[in-house]
Amino acid sequence: NSNAINAKLVLLGDMGSGKSSLVLRFVKNQFFDFQESTIGAAFFSRTVGVNDASVKFEIWDTAGQERYHSLAPMYYRGAAAAIIVYDITSTESFERAKKWVEELHKQGNPNLIITLAGNKTDLEDRRKVAAADGRMYAEERQLVFIETSAKTATNVSKLFYEIAKRLPRV
Ligand code: GTP
Ligand code: MG
């Protein structure tokens, strides 16, 4: 039907921030304490119903290790949405996330839906990045902001639904 939408989605962010864990939680409802670091990129898909539409997410989970940085444009080019992930226990990962936002603003398309996700909220006692700092940065750049935990599943569905809601209807 005319309300079936295919949406290419890319995850970007520092190594270890939890990109693969967020995708695995969303696609398979699984979580691994010893998730392997991604090599290159991995592809997943899941279809969800949102209001009157059926949205098929075609998800590219990229590798955060610096040596794979040059591959990133292959995955964000033509994407409808990007999730930039940082780890709330790591200020370096937050700084890396800001660099990704800058890169997408320079090279991405102006209609790209960019979401900033502060992950690992279950590690509240080790938090280094205040939620207010993430939210303020996201507001300045007009990004969607959400804090998540792939481990406890907190806000993981919401993260993807917030994107699905914003996709242009055909
Ligand atoms: P790269 O593939 O190397 O770029 O890393 P990544 O961003 O895909 O991170 P990954 O999902 O592999 O997670 C890294 C580590 O953090 C793993 O040991 C996960 O179990 C752990 N992890 C991911 N999400 C969470 C979370 O929400 N809470 C906690 N406590 N640990 C998490
Ligand atoms: Mg990974």
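So, a few notes on the structure that sits alongside this text. (Residues numbered from 1 in each chain as written. Chains lettered and ligands numbered in written order. Predicted model: local features only at pLDDT ≥ 70, side-chain atom pairs only at ≥ 80, totals over all residues. Heavy atoms only, no water.)

1. Describing the overall build of the protein chain
Here comes step 1: When its secondary structure is counted, the protein chain shows five helices and six strands.
Here comes step 2: Taken from the N to the C terminus, the helices and strands of the protein chain come in the order β-α-β-β-α-β-α-β-α-β-α.
Here comes step 3: Computed over its C-alpha atoms, the radius of gyration of the protein chain comes to 15 Å, within 12% of the 15 Å expected for a compact globule of 170 residues.
Here comes step 4: Principal axes of the C-alpha set define a box for the protein chain whose edges measure 45 × 35 × 30 Å.
Here comes step 5: About 8,600 Å² of surface is accessible on the protein chain, with carbon and sulfur atoms providing 48% of the total.
Here comes step 6: Side-chain charges of the protein chain comprise 23 positive and 20 negative groups, with the mean position of each set lying 4 Å from the other. (Helix = DSSP H or I, 4+ residues; strand = E, 2+ residues; numbered from the N terminus. Rg over C-alpha atoms; globule rule 2.2 N^0.38 Å. Areas by Shrake-Rupley, 256 points an atom, 1.4 Å probe, with all protein chains shown as cover. Lys, Arg positive; Asp, Glu negative; His and termini not counted. Charge placed at Lys NZ, Arg CZ, Asp CG, Glu CD.)

2. Things to note about the site of ligand 1
Here comes step 1: Within the structure, ligand 1 sits among 24 residues, and K19, S21, F32, S37 and G64 are positioned closest to it.
Here comes step 2: Taking D33, its main chain carries an N or O atom lying 2.9 Å from an oxygen atom of ligand 1.
Here comes step 3: Alone, ligand 1 offers 650 Å² of accessible surface; in the complex the protein occludes 91% of this.
Here comes step 4: With three residues, helix α1 (residues 19-28) is the single largest residue contributor to the shell around ligand 1.
Here comes step 5: Among the residues making up the shell around ligand 1, the classes are represented as six nonpolar, 11 polar and seven charged. (Near = heavy atom within 4 Å. Polar contact = N/O pair within 3.5 Å; in protein donor to acceptor, adjacent residues only side chain to side chain. Nonpolar A, V, L, I, M, F, W, Y, C, P; charged D, E, K, R; others polar.)

3. Points about the coordination of the magnesium ion (ligand 2)
Here comes step 1: Surrounding the magnesium ion (ligand 2) are the protein donor atoms S20 (OG) and T38 (OG1), at 2.0 to 2.1 Å. Of this pair, S20 sits in helix α1 while T38 is found in the loop between α1 and β2 (41-50), placing the two residues 18 residues apart along the sequence.
Here comes step 2: Overall, S20 belongs to the buried group, its relative accessible area being 11%. (Donors = N, O, S within 2.8 Å, 3.2 Å for Na, K, Ca; no water. Buried < 20%, exposed > 50% of the residue type's maximum accessible area, 1.4 Å probe, protein only.)

4. Focus: the pairing of β2
Here comes step 1: As judged from the 10 bridges shared by β2 and strand β3 (residues 53-62), these two strands associate in the antiparallel manner. Paired with S45 across the bridge in β3 is E58.
Here comes step 2: Between β2 and β3, which follow one another and run antiparallel, lie two residues, and N51 among them has a positive phi close to 50 degrees. (Pairing = 2+ DSSP bridges.)

5. Let's talk about the packing of aromatic side chains
Here comes step 1: One pass over the full model with this rule turns up seven aromatic pairs.
Here comes step 2: Their ring planes at 55 degrees and their centres at 5.0 Å tell us that F43 and W60 sit as a pair that is tilted. Taken as a pair, F43 in strand β2 and W60 in strand β3 lie far apart in primary sequence, 17 residues in all.
Here comes step 3: Using a relative accessible area of 44% as the deciding quantity, one classes F43 as partly exposed.
Here comes step 4: For the ring pair W60 and Y75, a centre distance of 5.0 Å and an interplane angle of 45 degrees mean the geometry is tilted. With W60 in strand β3 and Y75 in helix α2 (residues 72-76), this pair connects stretches of sequence that are 15 residues apart.
Here comes step 5: Judged by its relative accessible area of 13%, Y75 is buried. (Phe/Tyr/Trp six-rings, centres within 6.5 Å; stacked < 30°, edge-to-face > 60°.)

6. Digging into the packing of α1 against helix α5 (residues 156-166)
Here comes step 1: Interaxial distance between α1 and α5 falls to 9 Å at its minimum, and their mutual angle equals 85 degrees. Taken together, the axes of α1 and α5 are roughly perpendicular relative to one another. The residues of α5 that touch α1, namely those facing L22, R25 and F26, are V156, L159 and F160.
Here comes step 2: Of the residues belonging to the contact of α1 with α5, the class tally is five nonpolar, no polar and one charged. (Axes fitted to C-alpha atoms, helices over the stretch in contact; angles between N-to-C directions. Parallel < 35°, antiparallel > 145°, perpendicular 65-115°, else oblique. Contact = heavy atoms within 4.5 Å.)

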